[in-house]
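A look at the structure
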Amino acid sequence: MDLLKSFSSLLAMAEMELRRLRHDPFEIITRAIQPILWIAVFGSIMARARAFPGIDDYTTFITPGVILQSSTFIALAYGIALIFERESGILKRLLASPLPRSHIVIGRAIAGGIRASTQYVVVLASAALVGARIVGNPVNIIMGYLVLVLTCMGFTGISMLMASLLKTRERFMGIIGAITMPLFFASNALYPIDVMPNVIRYASLINPLTYTISILRKLIISNSYDILQELLVLTAFTTAAMLASMKCLKKIIE
Amino acid sequence: MKAIEVREVVKIYGHSFRALNRVSLDVEEGSVHALLGPNGAGKTTLIRIITTQLNPNEGSVKVFGHDTVKDSSKVRKMIGYVPQEISLWSDLSGYENMLLYAKIYGIPKDVRNKKIEELMDFMELSEVAGKLVRDYSGGMVRRLEIAVALMTKPKILILDEPTIGLDPRARSLVWSKVSEFRKESGVTVFFATHYMDEADKYADSISLLNQGKLVAQGSPNDLKNLVGGDKVSIAFKEPVNKVSEVISAIPGVLAIDLRDNYLELTINDITTTLPIIIEKLYRNGFAIRELKVHEASLDEVFIKLTGRRISDEPGRIRDVVSMRRMIRRGG
């Protein structure tokens, strides 16, 4: 019974996020502009250039990368909500409520994951429109979505950790701005790992994005379920991010 | 039983700033207790320690016998807390805020809706339940926040500056709702304020806090007697001699000072004593030309004890502006 109660309080956090999105879907729309440009402009021009000999359909190749780029940005920015709530009284109230503190982190991570993963639909649809060849099997598409939510929960955790440690909007936005592009470039989002210089190749191997993108390529492009290894890495990443975030959450109101 | 026991609490921010310096106080179960002091006195710090958000550097706090550091989760189950800043999602409706908090607090599904409806109705918010909190007035926001705090049936309601930045009508509506709920449920209320009239009017006992130290504690009347109670000056139409004999027998008259046709009285509890004085004077044929009443205020008590005022007008205007900004900016 207690477990059920816990679960429903976690889901309430996610529900809160969905309700906010319903009242104000503006973010989903504006956030969709950038990935559409990546796919439609960057993708189709690069496809003509045929820069990477092993890849014959570049637009399809970068689709998972663009999904991740777009949703990771949103997940990493999610911590700003915590900073706003720190200035308002919501966090104080939650921290003084019977709700276990771990639930605040997990609940918000689910919420952030859901908000971020809205990009999945937008990018897949726009990629399909410009001719990307995507596996139509709904099982693959749903599995891909769940993996994306898991990844975004990890990045939301990192974002909440940053928010707890940095505490002000300015410092937070500075750090987030500094890490998002390097994260994107040091991954297999835009180019295959084997064309990278060594330094970036090593960086990409410790980058969670690389593993998610690899899973998505297998699921929604090559119709393969050989994803266990990457899934373990991602689960470890998300768990670690959440634990660190739980440990530091109380700092945000001090 | 004591609802709150604060013992020798010290809270140090940074390396040396003592926000609280050996504060001790008791709150009786079922009473209304005010923590009164100017901005920066340490009221919010104490409330955050009581609500388990912060740990004290020294000393201890117990809520219904449970230590706020060692037994923090038990303490959190007993309190209903409204922070000074807005604690609602302003981009959601009032009903949605209640619903989400009900779910977060784990209130069972079968009673959830009934409870939300009851509380919103009680707080006179049913008509605006579907409106976004962003469009609420300051008073509605506060009432909704208190409704949220009451959902878990707390044994003690802890309010940090519950009426800050509200106009007088909104303030009195907030208080009448809190009082009404208290009468029905017997909940203990602990609130921080820098409005001395609120502490005077609504609290059974008051702790005066200044620069992290407790300067006095007692009922509003006890505290006002520290500055000599209420004063009444009476001017008679002609010099009077025997008036002292008539008046000194009245209980509640503390001091008499007579000069020609001017009489100055210090009395305890003006609302009941003054009518008796006037009646006696009238019956004995003393003709009153002028009568002036000076009620002792907690502000005077505070000035006497600390040399500073509790509240200043510029502070209030700043509070209003920042409250409005908070509502606009949203939770």
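Source: prediction; values computed, not measured.

1. Some thoughts on the overall build of chain A
Per the secondary structure count, chain A includes eleven helices and zero strands. The C-alpha atoms of chain A give 18 Å as radius of gyration, which agrees with the globular expectation for 254 residues (18 Å, within 12%). Once the C-alpha set of chain A is aligned to its principal axes, its extents read approximately 60 × 35 × 35 Å. Counting only residues that meet the buried cut, chain A has 49% of its 254 residues in that class. Intrachain contacts of chain A at a sequence separation of at least 6 include 82% that bridge at least 24 residues.

2. Quick word on the packing of helix H7 (residues 138-166) of chain A against helix H8 (residues 169-185) of chain A
All names here are of chain A. Direction vectors running N to C along H7 and H8 enclose 140 degrees, while the axes themselves pass 9 Å from each other. What the angle tells us is that H7 and H8 run oblique. In terms of crossing hand, the pair formed by H7 and H8 is right-handed. Contact residues: H7 offers Met162, Ala163 and Leu166, while H8 offers Arg171, Phe172 and Ile175. Of the residues that constitute the contact of H7 with H8, the class distribution is five nonpolar, no polar and one charged.

3. Things to note about the sheet that holds strand E1 (residues 2-13) of chain B
All names here are of chain B. Strand order in the open sheet made by the four strands is E2-E1-E4-E5, with antiparallel pairing throughout. Where the open sheet ends on each side, the last strands, each with one partner, are strand E2 (17-28) and strand E5 (66-67). Bridge analysis of E1 against strand E4 (residues 58-63) gives five bridges, and the strand direction is antiparallel. Note on E4: the bridge partner recorded for Val10 is Glu58.

4. A short note on the nonpolar core
Among the nonpolar cores identified, the biggest contains 152 residues, and Leu36, Met98, Ala147 and Ile158 of chain B are the most heavily contacted of them. Among the nonpolar cores identified, the runner-up in size contains six residues, and Val232, Leu263, Ile267 and Ile270 of chain B belong to it.

5. What to know about helix H10 (residues 208-221) of chain A
Helical geometry: 3.6 residues make up each α-helical turn, so side chains three or four residues apart lie on a common side. Residues and elements named next belong to chain A. Along its 14 residues, H10 runs 19 Å from first to last C-alpha, staying within 8% of the 20 Å computed at 1.5 Å per residue. The buried count for H10 comes to twelve of 14 residues, which makes it a mostly enclosed element. Looking at H10, one finds that the buried residues are Pro208, Leu209, Thr210, Tyr211, Thr212, Ile213, Ser214, Ile215, Leu216, Lys218, Leu219 and Ile220. For H10, the secondary structure elements touched by its buried residues are helix H3 (58-77), H7, H8, helix H9 (198-205) and helix H11 (228-248). One or two positions beyond H10, positive phi appears at Asn223, with a value near 55 degrees.

6. Topic: the interface of chain B and chain A
Listed as interface residues are 25 residues of chain B and, on the opposing side, 24 residues of chain A. Secondary structure elements with two or more residues in the side of chain B that touches chain A: helix H2 (72-78), strand E6 (79-82) and helix H3 (94-104) of chain B. Tallying contributions element by element places H3 of chain B first for the side of chain B that touches chain A, with four residues.

7. Side note on the domain arrangement of chain B
Split into domains, chain B comes out as domain 1 (2-222 + 316-329) and domain 2 (228-295). Relative to domain 2 of chain B, the C-alpha centre of domain 1 of chain B lies at a distance of 42 Å.

8. Points about the pairing of strand E12 (residues 253-259) of chain B
Residue and element names in this part refer to chain B. Bridge count for E12 against strand E13 (residues 262-267) is six bridges, and the pairing is antiparallel. By the bridge assignment for E13, Ile256 is matched with Leu265. What sits between the antiparallel neighbours E12 and E13 is a turn of two residues, in which Asp260 has the positive phi angle 50 degrees.

9. Re the sheet that holds E12 of chain B
Residues and elements named next belong to chain B. Pairing within the open sheet is antiparallel, and its four strands lie in the order E12-E13-E11-E14. This sheet does not close on itself; its edge strands, each paired only once, are E12 and strand E14 (288-294). Neighbour to neighbour, the strand axes of the sheet diverge by 15 degrees on average, direction disregarded.

10. Some details on the packing of H3 of chain A against H7 of chain A
For any two helices packed against each other, the geometry is given by the interaxial angle and the distance between the axes. Residues and elements named next belong to chain A. One can describe the packing of H3 onto H7 by two numbers: an axis separation of 7 Å at closest approach and a directional angle of 35 degrees. Crossing of H3 against H7: the hand is right-handed. Residues Ile67, Ser71, Thr72, Ala75, Leu76 and Ala77 of H3 pack against Leu148, Cys152, Phe155, Thr156, Ile158 and Ser159 of H7. In terms of residue class, the contact of H3 with H7 is built from eight nonpolar, four polar and no charged.

11. Considering the environment of Leu305 of chain B
All names here are of chain B. Topologically, Leu305 is positioned in helix H11 (residues 298-306). Separated by 95 residues in the primary sequence, Leu305 and Asn210 place their C-alpha atoms 9.6 Å from one another. Apart from the residues lying within four places of it in its own chain, the contact partners of Leu305 are Leu208, Val215 and Ala216.

12. Section: the confidence of the model for chain B
Low-pLDDT stretches of the model should not have their predicted coordinates read in fine detail. Residues of chain B with pLDDT of at least 70 account for 94%, and the chain-wide mean is 88. Taken over the whole predicted complex, pTM reads 0.81, whereas the ipTM for its chain interfaces reads 0.79.

13. Section: helix H5 (residues 138-150) of chain B
Relative to the 18 Å expected for 13 residues at 1.5 Å per residue, H5 of chain B spans 19 Å between its end C-alpha atoms, a close match to the ideal helical length. Of all the 13 residues making up H5 of chain B, 13 are buried; the element is thus mostly covered by neighbouring parts of the structure.

14. Quick notes on the environment of Val121 of chain A
All names here are of chain A. Inspection of the secondary structure puts Val121 in helix H6 (residues 101-129). Overall, Val121 belongs to the partly exposed group, with 14 C-beta atoms counted inside 10 Å. Note: C-alpha distance between Val121 and Ile67 (54 residues apart in sequence) is 8.8 Å.

15. With respect to the pairing of strand E8 (residues 188-193) of chain B
Residues and elements named next belong to chain B. Most of E8 sits inside the fold, with six of its six residues counted as buried. Across the two faces of E8 the burial is the same, with Thr188, Phe190 and Ala192 and Val189, Phe191 and Thr193 all buried. Pairing analysis gives five bridges linking strand E3 (residues 32-36) to E8, with the strands arranged parallel. Bridged to His33 within E8 is Phe190. Inspection of the sheet shows strand E7 (residues 156-160) paired to E8 by five bridges, in the parallel sense. Within the sheet, the bridge partner assigned to Leu159 lies in E8 and is Phe191. Of the crossover connections in this fold, the one passing from E7 over helix H6 (residues 168-185) to the parallel E8 is right-handed.

Procedures and definitions
Residues numbered from 1 in each chain as written. Chains lettered and ligands numbered in written order. Predicted model: local features only at pLDDT ≥ 70, side-chain atom pairs only at ≥ 80, totals over all residues. Helix = DSSP H or I, 4+ residues; strand = E, 2+ residues; numbered from the N terminus. Rg over C-alpha atoms; globule rule 2.2 N^0.38 Å. Buried ≥ 20, exposed ≤ 12 C-beta atoms within 10 Å, placed from the backbone. Contact = placed C-beta atoms within 7 Å. Axes fitted to C-alpha atoms, helices over the stretch in contact; angles between N-to-C directions. Parallel < 35°, antiparallel > 145°, perpendicular 65-115°, else oblique. Left-handed = near helix turned anticlockwise from the far one by under 90°. Nonpolar A, V, L, I, M, F, W, Y, C, P; charged D, E, K, R; others polar. Pairing = 2+ DSSP bridges. Core = buried A, V, L, I, M, F, W, Y, C linked by C-beta atoms within 7 Å. Expected span 1.5 Å × (residues − 1). Domains from an automatic or database assignment. pLDDT = per-residue confidence, 0-100. Right-handed = clockwise from strand over helix to strand, strands pointing away.

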